[in-house]
Amino acid sequence: DGGITQSPKYLFRKEGQNVTLSCEQNLNHDAMYWYRQDPGQGLRLIYYSQIVNDFQKGDIAEGYSVSREKKESFPLTVTSAQKNPTAFYLCASSVAGTVTGELFFGEGSRLTVL
Amino acid sequence: GEDVEQSLFLSVREGDSSVINCTYTDSSSTYLYWYKQEPGAGLQLLTYIFSNMDMKQDQRLTVLLNKKDKHLSLRIADTQTGDSAIYFCAESKSSASKIIFGSGTRLSIRP
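Residues numbered from 1 in each chain as written. Chains lettered and ligands numbered in written order. Predicted model: local features only at pLDDT ≥ 70, side-chain atom pairs only at ≥ 80, totals over all residues. Heavy atoms only, no water.

Q: Which parts of the structure should I look at to understand the sheet that holds strand β3 (residues 18-24) of chain B?
A: Pairing is antiparallel in the open sheet, where five strands are placed in the order β1-β3-β8-β7-β6 (chain B). The sheet terminates laterally at β1 (4-5) and β6 (55-58) of chain B, the two strands that pair on one side only. (Pairing = 2+ DSSP bridges. Helix = DSSP H or I, 4+ residues; strand = E, 2+ residues; numbered from the N terminus.)

Quick look at the structure:
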């Protein structure tokens, strides 16, 4: 079945370590996104990519990095520079030029810094 | 600037109607969305409305848009336990624009 797969679902990290969250989609979507979700706050956009080998910073890109070497994959690295990395991270994708601009989301990855 | 606001919690009795409200600030918003997030999962698009519409109905869901007041609401008729979730209001200027999300309203159902 088509969809977006995020892994791992749960991840624990010690302070000072970089971690990489995986996001893979087989929907043939051009655009992919990373959001961060904190309790009582809306989704905040970290990075997005509308085409392979190109990506743009979102509203809270500091302390994060991404790559888009393949259409299907958009991994997110949470670096040690991110001051408060404990959060629920959501990856999404969309078809460029759809009528509604609907986002399709993965199941999320919960990162906890110990 | 762009901002979407909604209350954080709503509790309703099973079988009653739920009304979740949202206000947005960007008058150029063209697309307005309601997404549903079940516990521990990603978001799913529930319904959407274009800014040139006042109302959209889809089975138990009714979306009302007051463009003058920049107010969007989602009504769920005959609320069931399966409707327990967080509901996010969102808006964008076009299908290619960034989508701005509200903080989400957690809907809980009491017997």
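Q: What am I meant to see in the interface of chain A and chain B here?
A: A common measure of how large an interface is: the accessible area buried when the components associate. Taken together, the contacts link 22 residues of chain A with 20 residues of chain B. In total, chain A and chain B occlude about 1600 Å² of area from one another, counting both sides; carbon and sulfur atoms represent 57% of this. For the interface between chain A and chain B, the tally reads zero salt bridges. Summed over the shared surface of chain A and chain B, the result is four residue pairs in polar contact (both at pLDDT 80 or more). Counting residues per element, the ones that place at least two in the side of chain A that touches chain B are β4 (31-37), β5 (44-51) and β9 (87-94) of chain A. Class assignment for the residues of the side of chain A that touches chain B results in eight nonpolar, 10 polar and four charged. (Contact = heavy atoms within 4.5 Å. Buried area = accessible area lost by both parts, 1.4 Å probe. Salt bridge = Lys/Arg side-chain N within 4 Å of Asp/Glu carboxyl O. Polar contact = N/O pair within 3.5 Å; in protein donor to acceptor, adjacent residues only side chain to side chain. Nonpolar A, V, L, I, M, F, W, Y, C, P; charged D, E, K, R; others polar.)

Q: How should a nonpolar patch on the surface be read in this particular structure?
A: Together, Y10, F12 and L114 of chain A make up a nonpolar patch on the protein surface, roughly 400 Å² of accessible area in all. The exposure class of L114 of chain A is exposed, given its relative accessible area of 64%. (Patch = residues over 30% accessible without salt bridge, like charges linked within 9 Å, V, L, I, M, F, W, Y side chains within 5 Å. Areas by Shrake-Rupley, 256 points an atom, 1.4 Å probe, with all protein chains shown as cover. Buried < 20%, exposed > 50% of the residue type's maximum accessible area, 1.4 Å probe, protein only.)

Q: Sorry, what's going on with the sheet that holds strand β8 (residues 76-78) of chain A here?
A: Neighbouring strands of a sheet are bound in pairs by backbone hydrogen bonds; such pairs are parallel or else antiparallel. All names here are of chain A. Pairing is antiparallel in the open sheet, where four strands are placed in the order β1-β3-β8-β7. Two strands close off the open sheet at either side, each with one partner strand: β1 (4-7) and β7 (64-66). Recorded for the sheet is a direction-independent mean angle of 20° between the axes of neighbouring strands. In this structure, strand β3 (residues 19-25) lies alongside β8, joined through three bridges in antiparallel fashion. Residue pairing in the sheet places T20 in a bridge with T77 of β8. (Axes fitted to C-alpha atoms, helices over the stretch in contact; angles between N-to-C directions.)

Q: When you look at the state of the cysteines in this model, what are you seeing that I'm missing?
A: Simply put, disulfide is the name for a covalent bond between the sulfur atoms of two cysteines. Taken as a whole and assessed by the stated rule, the structure comprises two disulfides over all chains. Here C23 of chain A connects covalently by a disulfide to C91 of chain A, the sulfurs 1.9 Å from one another. On the S-S bond that ties C23 of chain A to C91 of chain A, the torsion sits near -75°, and the link is left-handed. Taken together, the residues span a long stretch of sequence, with C23 of chain A in strand β3 and C91 of chain A in strand β9 at a distance of 68 residues. Of the two residues, C23 of chain A and C91 of chain A, neither departs from the other in class, the shared state being buried. Each sulfur in the disulfide pair C22 of chain B and C89 of chain B lies 2.0 Å from the other. The sign of the S-S torsion, about -65°, decides the handedness of the disulfide formed by C22 of chain B and C89 of chain B: left-handed. (Disulfide = S-S within 2.5 Å.)

Q: When you look at the side chain of S51 of chain B in this model, what are you seeing that I'm missing?
A: Residue and element names in this part refer to chain B. In this structure, S51 sits in the loop between β5 (43-50) and β6. Take S51: its relative accessible area is 14%, and that puts it in the buried class. Sequence-distant contacts of S51, defined by excluding residues within four places in its chain, comprise S29, T30, L65 and K67.

Q: Sorry, what's going on with the pattern of salt bridges here?
A: Side-chain pairs of opposite charge can arise whenever the charged atoms involved come near each other. Residue and element names in this part refer to chain A. By the definition in use, this model includes seven salt bridges over all chains. Two residues, D38 and R36, come together in a salt bridge whose shortest N-O distance is 2.8 Å. One exposure class covers both D38 and R36, and it is buried. If you follow the salt bridges from partner to partner, you end up with R36, D38 and R44 in one network.

Q: Would you mind showing me how to read the packing of aromatic side chains here?
A: Aromatic ring pairs are defined here through the distance separating the ring centres and the angle between the ring planes. On inspection of all chains with the given rule, the structure shows 14 aromatic pairs over all chains. Between Y47 of chain A and F55 of chain A, the ring centres sit 5.9 Å apart and the planes meet at 80°, which makes this aromatic pair edge-to-face. Judged by its relative accessible area of 8%, Y47 of chain A falls in the buried class. Judged by centre distance (6.4 Å) and plane angle (15°), the ring pair of Y31 of chain B and Y33 of chain B falls under stacked. An aromatic cluster is defined as three or more aromatic residues linked by ring pairs; in this entry it consists of Y33, Y35, Y48 and F105 of chain A together with Y31, Y33, Y35, Y48, F50, F88 and F101 of chain B. For the cation-ring pair, R68 of chain A lies above F74 of chain A, with the distance from its terminal atom to the ring centre recorded as 6.0 Å. When the ring centre of Y48 of chain B is taken as reference, the NZ or CZ atom of K56 of chain B above it lies at 3.7 Å. (Phe/Tyr/Trp six-rings, centres within 6.5 Å; stacked < 30°, edge-to-face > 60°. Lys NZ or Arg CZ within 6 Å of the ring centre and 35° of its normal.)

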